[in-house]
Amino acid sequence: MIILKNFMNWIQNVLMPPLAKVGNNKYLVAVRNGLVMTLPAVISGSVFLIIGNIPIPAWTAFMKPYMSAISVAVNGSFGIISLLSAIGIGYELAKNLDLDAINGAGLSTMAFVIVSFNNKNILDTANFASSGLFTAIVCAFASVLILNFFVKRNLVIKLPDGVPTAVNHSFVSLVPGFVILLLFWTIRVPLHFDINVFIQNIFHPLLFAMNSLPGIMFYTLLVSLLWVGGIHGDMTLEGIADPIFLQFLTANATAWSHHQAIPYITSTGFSSLFVNVGGTGATIMLVFWMLSSKSKTYRELGKVAFPSALFEINEPVIFGFPVVMNPITLIPFVLLPQILVVGTYALMALHLLRPAVTMVPWTMPPIIGPLMATGWDWRAGVWSAVELVIAAAAYYPFFKVAEKQMVAKEVLTNAETN
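Procedures and definitions
Residues numbered from 1 in each chain as written. Predicted model: local features only at pLDDT ≥ 70, side-chain atom pairs only at ≥ 80, totals over all residues. Heavy atoms only, no water. Helix = DSSP H or I, 4+ residues; strand = E, 2+ residues; numbered from the N terminus. Buried < 20%, exposed > 50% of the residue type's maximum accessible area, 1.4 Å probe, protein only. Contact = heavy atoms within 4.5 Å. Phe/Tyr/Trp six-rings, centres within 6.5 Å; stacked < 30°, edge-to-face > 60°. Salt bridge = Lys/Arg side-chain N within 4 Å of Asp/Glu carboxyl O. 1 Å grid on protein atoms, 1.4 Å probe; cavity = no way out; pocket = protein on both sides within 12 Å on 5 of 7 lines; lining within 4 Å. Points joined across faces, edges and corners; volume = space filled by probe spheres on them. Expected span 1.5 Å × (residues − 1). Arc of directions from axis to C-beta. pLDDT = per-residue confidence, 0-100.

### Re the overall build of the protein chain
Point 1. A count of helices and strands for the protein chain gives 20 helices and zero strands.
Point 2. Taken over the C-alpha atoms alone, the protein chain extends approximately 80 × 60 × 40 Å along its principal axes.
Point 3. Scored against the burial criterion, the 418 residues of the protein chain give a buried share of 48%.
Point 4. For the protein chain, the proportion of contacts with a sequence separation of at least 24, taken over those separated by at least 6, is 73%.

### So, the packing of aromatic side chains
Point 1. This model, assessed by the stated rule, comprises 15 aromatic pairs.
Point 2. Ring geometry for Phe112 against Phe128: centres 5.8 Å apart, planes inclined by 35°, an arrangement best described as tilted. With Phe112 in helix 7 (residues 101-115) and Phe128 in the loop between helix 7 and helix 8 (133-152), this pair connects stretches of sequence that are 16 residues apart.
Point 3. Phe112 gets classed as buried once you look at its relative accessible area, which sits at 0%.
Point 4. A residue is classified by how much of its surface remains accessible, and Phe128, at 9% relative accessible area, is buried.
Point 5. Plain terms: the ring middles of Phe321 and Phe399 are 6.4 Å apart, the flat faces sit at 40° to each other, and that makes the pair tilted. Within this pair, whereas Phe321 is found in the loop between helix 17 (315-320) and helix 18 (327-349), its partner Phe399 is found in helix 20 (residues 378-417), the two being separated by 78 residues in sequence.
Point 6. Taken together, the ring pairs connect Trp59, Phe62 and Tyr66 into an aromatic cluster.

### Things to note about the pattern of salt bridges
Point 1. For the structure shown, the criterion picks out five salt bridges.
Point 2. A salt bridge links Lys95 to Glu92, with the nearest nitrogen and oxygen atoms 3.4 Å apart. Pair noted here: Lys95 and Glu92 are both in helix 6 (residues 81-96), with a separation of three residues, about one helical turn.
Point 3. For Glu92, a relative accessible area of 13% puts it in the buried group.
Point 4. A salt bridge links Glu403 to Lys400, with the shortest nitrogen-to-oxygen separation between them at 2.6 Å. Of this pair, Glu403 and Lys400 both sit in helix 20, three residues apart, which is roughly one turn of the helix.
Point 5. For Glu403, a relative accessible area of 4% corresponds to the buried category.

### A look at empty space enclosed by the protein
Point 1. Tallied over the entire structure, the rule returns one cavity of 30 Å³ or more.
Point 2. For the largest cavity, the calculated volume is near 40 Å³.
Point 3. As for the largest cavity, its lining consists of Tyr219, Thr220, Val223, Asp234, Ser271, Val275 and Asn276.
Point 4. Contributions of two or more residues to the lining of the largest cavity are made by helix 12 (213-228) and helix 14 (270-275).

### Regarding the side chain of Ser46
Point 1. Inspection of the secondary structure puts Ser46 in helix 3 (residues 39-52).
Point 2. Ser46 gets classed as buried once you look at its relative accessible area, which sits at 1%.
Point 3. Apart from the residues within four sequence positions on either side, Ser46 is in contact with Phe78, Thr358 and Met359.

### Things to note about unusual backbone geometry
Point 1. A cis geometry characterises the amide bond from Phe321 onward to Pro322, with omega recorded as -5°.
Point 2. Assignment of secondary structure puts Pro322 in the loop between helix 17 and helix 18.
Point 3. One non-glycine residue, Asp98, lies in positive phi territory at about 60°.
Point 4. Relative to the helices and strands, Asp98 is located in the loop between helix 6 and helix 7.
Point 5. With a phi close to 65°, Trp376 is a non-glycine residue in the positive phi region.

### Regarding helix 3
Point 1. For helix 3, which comprises 14 residues, the first-to-last C-alpha distance of 20 Å matches the rise-based estimate of 20 Å (1.5 Å per residue) to within 8%.
Point 2. Listed as buried for helix 3 are Ala41, Val42, Gly45, Ser46, Leu49, Ile50 and Gly52. When helix 3 is viewed along its axis, its buried side chains cluster within an angular range of 165° and face the same direction.
Point 3. If you follow the buried residues of helix 3, they end up packed against helix 4 (57-63), helix 5 (67-78), helix 6, helix 13 (233-257) and helix 19 (368-373).

### A closer look at the confidence of the model for the protein chain
Point 1. The share of residues in the protein chain with pLDDT of 70 or more is 93%, and the mean pLDDT across the chain is 87.
Point 2. Considering each helix and strand of the protein chain separately, the mean pLDDT is smallest for helix 1 (residues 2-24), with a value of 63, and largest for helix 7, with 95.

This is the structure in structure tokens:
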């Protein structure tokens, strides 16, 4: 118990403060919130992918003449992920810096489009897809920072009072907009410097690491430890991890739609659907044990928490049981996700389970969510069910310890009341 107590103190006093600052960083928050703009496109495109690839021979034969038409919807959604990201991140960062958000979005988009021209001065729309995602982030950051520099120093054109606000804002961005255009045009055209290739080379090691077993295990560990310390682990690291996982997913979707090998294992959906079964830490099975608990407190909490846990929302049990700063649940909450990561990664690496190829809402229930994310791979549903059994076994002994303590506390409370 002394070791656990020291470990909990280390989490709270050493690990939490710097990671909390990372989660609240205005630039990472802009990335996290800006990427939300891509979700309608990705989810909508995934619907077309799922419909066009239902693994039923009769359906496949029926859909074959229409696959080229379906590919238009897929390419028109997955194919503009980076473009949408430039818009969304520019908008959110400008808002975070107290600038006109529309100007931030517009200038970021302009910069991204400029660097997407090739050496023949022809717009290469391939960069609008997932391969240009990190370029979109860099362009958004640079554009909004330039806008911020000019606005905060009042180096802008201001129109007289009475001019419509929208017109006035557009003129405010005129000078910084010209500077942004000149800067990115000079880099891309006269200097023939391909920013997109340069940035991809920089981030390649990070992409490789996050698609590796050690990389995804470390990421999962950080998420779990943050939650134990009372910080929303998934949301804290979204600004760093989401661009990577989203790039993996779009590459997987493209490969799957062309009947090619799936390139990435840890795409969007790996953590949210296969590791966070019923919420981070696979706590749905902790809720399951609570439903039949000898403790009235746990039974009532289980009734409240189960409906939300079924849809991957586990804040009621995280803070109600609680899991936060609780040495009893620390071991299963941290180690169980590692077991699920290793098991899922191994099955996908051995081609016994298809990696996620479509975007489904993270609130999809277990079994159903993995089935849809993998393009109706029935093995995903089976593995999700097995994961529930593993989670139930992992939580049971620790829950019984907590239950015993809670029952004793309730007996004592009743005795004092009577």
